[in-house]
Structures are given as C-alpha cells and as structure tokens.
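The chain contents come next:
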Amino acid sequence: MHAATRAAAVVALNAAILPLALPPVPSSAQTVRIFTATPNDLKESYDEAAKVSGSPIVGLRFEFAASEDENSRVDPDDLMIYWPAGGQSNLCVRTVTQDGRFSATGNYTVADNGTGGYALLDPATEDFARELGGYRRSELAVRAFVSKGPECPVSGAVHLPLAAAPLPEGEANAPRAPEQLVVLVNARSQHGSARLVAADGTTPYAEAECERTGASSLIAFDTACRLTLGADLSGTAQLVVTLNDGFSDTEYRIAVAVPGAPS
C-alpha cells in the first residue's frame, strides 16, 4: 500500500511511548526468579451473556517452544507476567476469555527485589477458578502493563506479556528465553499484521501476518499474530498492529518489554 494511503488512516494507540529502556531478563546462567504479585483491587465477573470487547489489542503471551500445546487447560494458580529488572511495583492486569464470559481487572503490587524475573498473579481469580480452568490456554488473553499510578492509565504504559504455561527449564534451572510473542487482537474479521520495531520506531525486529484463531464464540478476540523473537532483541520495543478493512490501514501501537531469545 502506498505511503500516502497508509498515512490517511493511521490511528495511534498509546503513541506516547515511555522513554524507558528496561534491562533484559536474567541470563540463562542464573536461576529464574519468581515474585508474588498481590492484588490491591481485583474486580472480576463471569457472565452467561458475553460482553463485546472494545480494545483491538487484547492480550500478549510468550511461547517458549513451538511444540507447546495451546489446547492444554488454563491453570489459574500458575499465571505469570514477565517482569524486567528495575520495573515499577505497580502492575495493572486485564484478563478476558475469548468468549467474553470471564473478565477481570486488577491492580497488583509486585514484591520484586530489583533483579527481574516473572510475577505470579496471586490470585489471578478469587471467585472463578473452576470456570477459568475450563478454558484452553489459547482462549485466554491477558493485557498487563506497568503504570505510574493506581488508576492504571494505559497511555504510554509499557506492556508485559503473559507466560501462560509452566516456565521451561534450561541449564542451571533457568528458563529459556521465549521464542515467540503471540498478540491477541479483536480484528473483527479485518486482515491484520504485526511487527516489532525499536523503541524509536526505526530498527525492525520481527513481523508476521495475523491469522484467525478459535472456532466459535469469538467475542473478545478473533485473531492471533505470532512474532518470532531474535537474540538481538531485549528491553523495550514498539509493537505495531495494522488492521485493514479492505479500504485502508489503521495502526495501533504500544510499548512492550521483551527479553532476547536464543539464536
């Protein structure tokens, strides 16, 4: 598509990217650190009638190996968020199932000593563990981000992906770096693509076409974009999701903290 056509319909979501260069996850020679993220105000619901989500970018998830089974069930007691070293203690989390029946918003405090690792949501749900455990991992979207205040303003926030499966172990009982970043999008049948670029918007890191995901009840999200992470990527990057309705492109941008992956 010509640059003039693209520019005519660009919409910037969270364009004010924080000028924050977050350090990478601890090296594979170190033992993984898991911190507890406790909620200050967790609000959740489970409805027989689904609600329609209004946000195009609904969730971010790390995949550690291509062989991981997305059909395995969600373990509400083992949902972790990637936590960079030196991250702020205030973590905002929005969770929704693909059918829109379960949703939760929470403001968590992370008990980190500054080294970074993964933050365990404790709890991810207080009232609906049985219902949430009935969903496949591919049917759960979590949008987590660090915020300057307890009101969780999303503008300019740095987003932190979910590690939905138990962390794989490498040498010295350390987790391997993730191989993919999966972006869950409410594309509403539009064609989509995604790319990761440097925080300043210049250097491209990864790009991928998005594909329809799920067979039925595609309420909260209907599309997944799988970005392969390279060893040269760590710190904060820009995630750009582009949706095309058949006439023009619309771009949505957020900041994402991503550790490097093995080459």
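Residues numbered from 1 in each chain as written. Predicted model: local features only at pLDDT ≥ 70, side-chain atom pairs only at ≥ 80, totals over all residues. Heavy atoms only, no water.

Draft legend 1. Spatial organisation of the pairing of strand S5 (residues 102-110). Bridge count between strand S4 (residues 90-97) and S5: seven bridges; the pairing is antiparallel. From the neighbouring strand, arginine 94 faces S5, where its bridge partner is threonine 105. From the end of S4 to the start of S5, which pair antiparallel, there are four residues, and glycine 100 there has a positive phi angle of about 80°. (Pairing = 2+ DSSP bridges. Helix = DSSP H or I, 4+ residues; strand = E, 2+ residues; numbered from the N terminus.)

Draft legend 2. Spatial organisation of the environment of aspartate 69. Structurally, aspartate 69 can be placed in the loop between strand S2 (57-63) and strand S3 (80-83). What makes aspartate 69 partly exposed here is its relative accessible area of 43%. Residues aspartate 69 and serine 138 lie 69 residues apart in sequence; the distance between their C-alpha atoms is 9.0 Å. (Buried < 20%, exposed > 50% of the residue type's maximum accessible area, 1.4 Å probe, protein only.)

Draft legend 3. Spatial organisation of the state of the cysteines. Applying the stated criterion to the full structure yields two disulfides. Each sulfur in the disulfide pair cysteine 92 and cysteine 152 lies 2.0 Å from the other. A torsion of -90° about the S-S bond marks the disulfide between cysteine 92 and cysteine 152 as left-handed. Within this pair, whereas cysteine 92 is found in strand S4, its partner cysteine 152 is found in the loop between strand S7 (140-146) and strand S8 (158-160), the two being separated by 60 residues in sequence. Along the chain, the cysteines engaged in disulfide bonds are linked according to the scheme 1-2, 3-4 when indexed in sequence order. (Disulfide = S-S within 2.5 Å.)

Draft legend 4. Region of the structure containing the pattern of salt bridges. Enumeration over the complete set of coordinates arrives at six salt bridges. Here glutamate 131 and arginine 130 are joined by a salt bridge, their closest N and O atoms 3.1 Å apart. Among the residues examined, glutamate 131 registers a relative accessible area of 18% and is labelled buried. A salt bridge links arginine 253 to glutamate 251; its shortest N-O distance comes to 3.1 Å. Note on arginine 253: relative accessible area 22%, which makes it partly exposed. You can call glutamate 251 buried: its relative accessible area is 5%. A network of salt bridges, in which partner residues are shared, links Arg61, Glu63 and Arg137. (Salt bridge = Lys/Arg side-chain N within 4 Å of Asp/Glu carboxyl O.)

Draft legend 5. Quick look at the pairing of strand S6 (residues 117-121). Most of S6 sits out of view: five of its five residues are buried. In this structure, S3 lies alongside S6, joined through four bridges in antiparallel fashion. Bridge pairing links tyrosine 82 to tyrosine 118 in S6.

Draft legend 6. Main features of the confidence of the model for the chain. In this model, the chain carries an average pLDDT of 78, and 74% of its residues clear a pLDDT of 70 or more. The least confident element of the chain is helix H1 (residues 3-8), whose mean pLDDT is 40; the most confident is helix H2 (residues 129-132), at 96. Per-residue pLDDT stays below 50 along residues 1-29; that stretch engages in 61 contacts with residues further than four places along the chain or on separate chains. The low-confidence segment residues 49-54, where pLDDT is below 50, has 15 contacts with residues more than four positions distant or belonging to other chains. (pLDDT = per-residue confidence, 0-100. Contact = heavy atoms within 4.5 Å.)

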